[in-house]
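The chain contents come next:
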Amino acid sequence: MSSALIDLQRITKSYRQGDLPIDVLKGIDLQIAAGEFVALLGPSGSGKSTLMHILGLLDRPTSGAYFLDGSDVAGLDDDQLSALRNRKIGFVFQTFYLIPYLTALENVVLPGLYGQESGATIRRRAQEILQQVGLSDRMDFRPSQLSGGQQQRVAIARALLNDPPVLLADEPTGQLDSTTSQEIMELISQINRQGRTVILVTHDIATAACAQRRIELNDGLVCRD
Ligand SMILES: Nc1ncnc2c1ncn2[C@@H]1O[C@H](COP(=O)(O)OP(=O)(O)O)[C@@H](O)[C@H]1O
Ligand SMILES: [Mg+2]
C-alpha cells in the first residue's frame with residue numbers, strides 16, 4: 001500500500017463512439033501526497049477533465065487502480081462512492097454550476113443536506129465559509145445578481161462545506177478576466193496553505209505558476225512531472 005493520499009496505477013479510460021473506441025487515458029501513474037498543490041496542464045482534448053472526473057469519483061476508469069487515502073475505490077458501489085466523494089472531495093468547475101433560483105447561502109448549504117448534521121449547524125458553517133471567501137454581504141443574492149468572480153467564490157464555498165481534504169478545480173478561471181482570475185487563484189492558494197490538497201487544471205501558465213508541482217498530459221499519458 002502506498003502512503004500517498006492519491007495513488008493512480010496504470011489508469012486507462014476509453015469511451016465508445018459508436019463502434020469506435022477512443023482511448024483517452026492510456027496508463028496514468030500518479031502519486032500525490034497530502035497537502036500538495038498540483039497544476040495539471042496539457043492541450044485541449046488531452047484528457048485532463050477525464051482524469052479529474054476519475055480523481056473526483058465522478059467516473060470510473062476502464063482499467064487500473066485508484067487508491068484514495070489507502071482505500072481501493074474500485075471495490076465501492078455507487079452509494080459508497082458518493083459517500084466517499086462527499087467526505088473527501090470538493091469540486092470546482094469552469095462553469096460554476098450554481099442553482100439559479102437559490103441564493104448564495106442556499107447553494108453553499110446544498111452538499112450538507114446528505115449528511116447527519118442539523119440544518120442550523122450546516123447553515124452556520126455555510127455562513128462562515130462565505131465570510132472566508134469574502135462574500136459576507138452577498139449571502140442572500142442569487143447567482144444572476146453576482147459577478148463571475150463572486151459566483152466562483154460561491155462555488156468554492158460550496159466545495160468546502162463538508163471540509164474535504166482534496167479540492168479539484170477544472171479550469172476554475174477559464175471564464176474570468178485576468179484580474180478576477182488572480183483573485184480566485186489567491187483564494188485557491190490560501191485554501192492549499194490551510195492544508196488542503198489542490199489539483200488544478202489550467203491552460204494558463206501564470207495560473208499554473210501558483211502550484212508547487214506541474215504535471216503535463218499528452219496523448220493520454222503523463223509526459224512531464
Ligand atoms: N463522455 C464522453 N464520450 C466520448 N468521448 C468523450 C467523452 N468525454 C470526453 N471525451 C473525449 O475524450 C477526449 C478528452 O476529453 P477531455 O478529458 O475533456 O480533455 P481536456 O479536458 O484535456 O480538454 C476528447 O477527445 C473528448 O472528445
Ligand atoms: Mg477539460
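Just so we're clear, the structure is a prediction, and the values are computed from it rather than from any experiment.

*Asks:* Please clarify how helix H6 (residues 178-193) should be interpreted in this entry.
*Replies:* Because each turn of an α-helix spans 3.6 residues, side chains separated by three or four positions in sequence point in the same direction. Helix length check: H6 (16 residues) gives 22 Å between terminal C-alpha atoms against 22 Å at 1.5 Å per residue, within 8%. Those residues of H6 lying buried are Ser-181, Ile-184, Met-185, Ile-188, Ile-191 and Asn-192. One side of H6 carries all its buried residues, which in axial view fall inside an arc of 110°. Across from the buried face of H6, at angles greater than 90 degrees, the exposed residues are Thr-179, Glu-186, Gln-190 and Arg-193. The inward-facing, buried residues of H6 abut strand S3 (37-41), helix H5 (148-160), strand S7 (166-170), strand S8 (197-201) and helix H7 (205-208). Of the residues flanking the end of H6, it is Gly-195, one or two places downstream, whose phi is positive at about 110°.

*Asks:* Help me out: how do you make sense of the packing of H5 against H6 in this one?
*Replies:* Two packed helices can be described by the angle between their axes and the distance between those axes. Direction vectors running N to C along H5 and H6 enclose 20°, while the axes themselves pass 10 Å from each other. Considered as vectors, H5 and H6 are oriented roughly parallel to each other. You can see that H5 and H6 cross each other, and the crossing is right-handed. Here H5 contributes Gly-148, Gly-149, Gln-152, Arg-153 and Ile-156 to the contact with H6, which in turn contributes Thr-180, Glu-183, Ile-184 and Leu-187. Class assignment of the residues belonging to the contact of H5 with H6 gives a composition of 3 nonpolar, 4 polar and 2 charged.

*Asks:* How should I be thinking about the sheet that holds S8 in this particular structure?
*Replies:* Think of a sheet as strands paired side by side through backbone hydrogen bonds, with each pair either parallel or antiparallel. An order of S6-S7-S8-S3-S9-S10 is seen for the 6 strands of this open sheet, with the pairing classed as mixed. Among the strands making up the open sheet, the edge pair consists of strand S6 (89-93) and strand S10 (221-224). Across the sheet, the mean angle separating the axes of adjacent strands is 25° when strand polarity is ignored. Of the strand pairs in this sheet, S3 and strand S9 (residues 213-218) are connected by 4 bridges, and their pairing is parallel. From the neighbouring strand, Val-38 faces S9, where its bridge partner is Arg-213. Contacting S6 and S7, H5 runs over the sheet at an angle of about 165° to S6.

*Asks:* For this particular structure, what's the right way to read helix H1 (residues 48-55)?
*Replies:* Where burial is concerned, most of H1 is hidden: 6 out of the 8 residues are buried. Every buried residue of H1 is listed here: Lys-48, Thr-50, Leu-51, Met-52, Ile-54 and Leu-55. Positive backbone phi, approximately 60°, marks Leu-57, located one or two places after H1.

*Asks:* Could you clarify how one ought to interpret the pairing of S10 in this entry?
*Replies:* Both faces of the sheet carry side chains from a regular strand, because those side chains alternate between them. Inspection of the sheet shows S9 paired to S10 by 3 bridges, in the antiparallel sense. Its bridge partner being in S10, Glu-216 is matched across the sheet by Arg-224. Here S9 folds back onto S10, and the loop between the two strands holds 2 residues, one of which, Asp-219, carries a positive phi near 50°.

*Asks:* I'm lost on the site of ligand 1 in this one. Help?
*Replies:* Around ligand 1 sit Tyr-15, Gln-17, Ile-22, Val-24, Gly-42, Ser-44, Gly-45, Ser-46, Gly-47, Lys-48, Ser-49 and Thr-50, and that is every residue in its neighbourhood. The set of elements that each furnish at least two residues to the shell around ligand 1 consists of strand S1 (6-17), strand S2 (20-32) and H1. Taken together, the residues of the shell around ligand 1 sort by class into 3 nonpolar, 8 polar and 1 charged.

Thresholds applied
- Residues numbered from 1 in each chain as written.
- Chains lettered and ligands numbered in written order.
- Predicted model: local features only at pLDDT ≥ 70, side-chain atom pairs only at ≥ 80, totals over all residues.
- Helix = DSSP H or I, 4+ residues; strand = E, 2+ residues; numbered from the N terminus.
- Expected span 1.5 Å × (residues − 1).
- Buried ≥ 20, exposed ≤ 12 C-beta atoms within 10 Å, placed from the backbone.
- Arc of directions from axis to C-beta.
- Contact = placed C-beta atoms within 7 Å.
- Axes fitted to C-alpha atoms, helices over the stretch in contact; angles between N-to-C directions.
- Parallel < 35°, antiparallel > 145°, perpendicular 65-115°, else oblique.
- Left-handed = near helix turned anticlockwise from the far one by under 90°.
- Nonpolar A, V, L, I, M, F, W, Y, C, P; charged D, E, K, R; others polar.
- Pairing = 2+ DSSP bridges.
- Near = placed C-beta within 6 Å.

It is worth stressing that arrangement in space is one thing and function is another; only the former is reported here.
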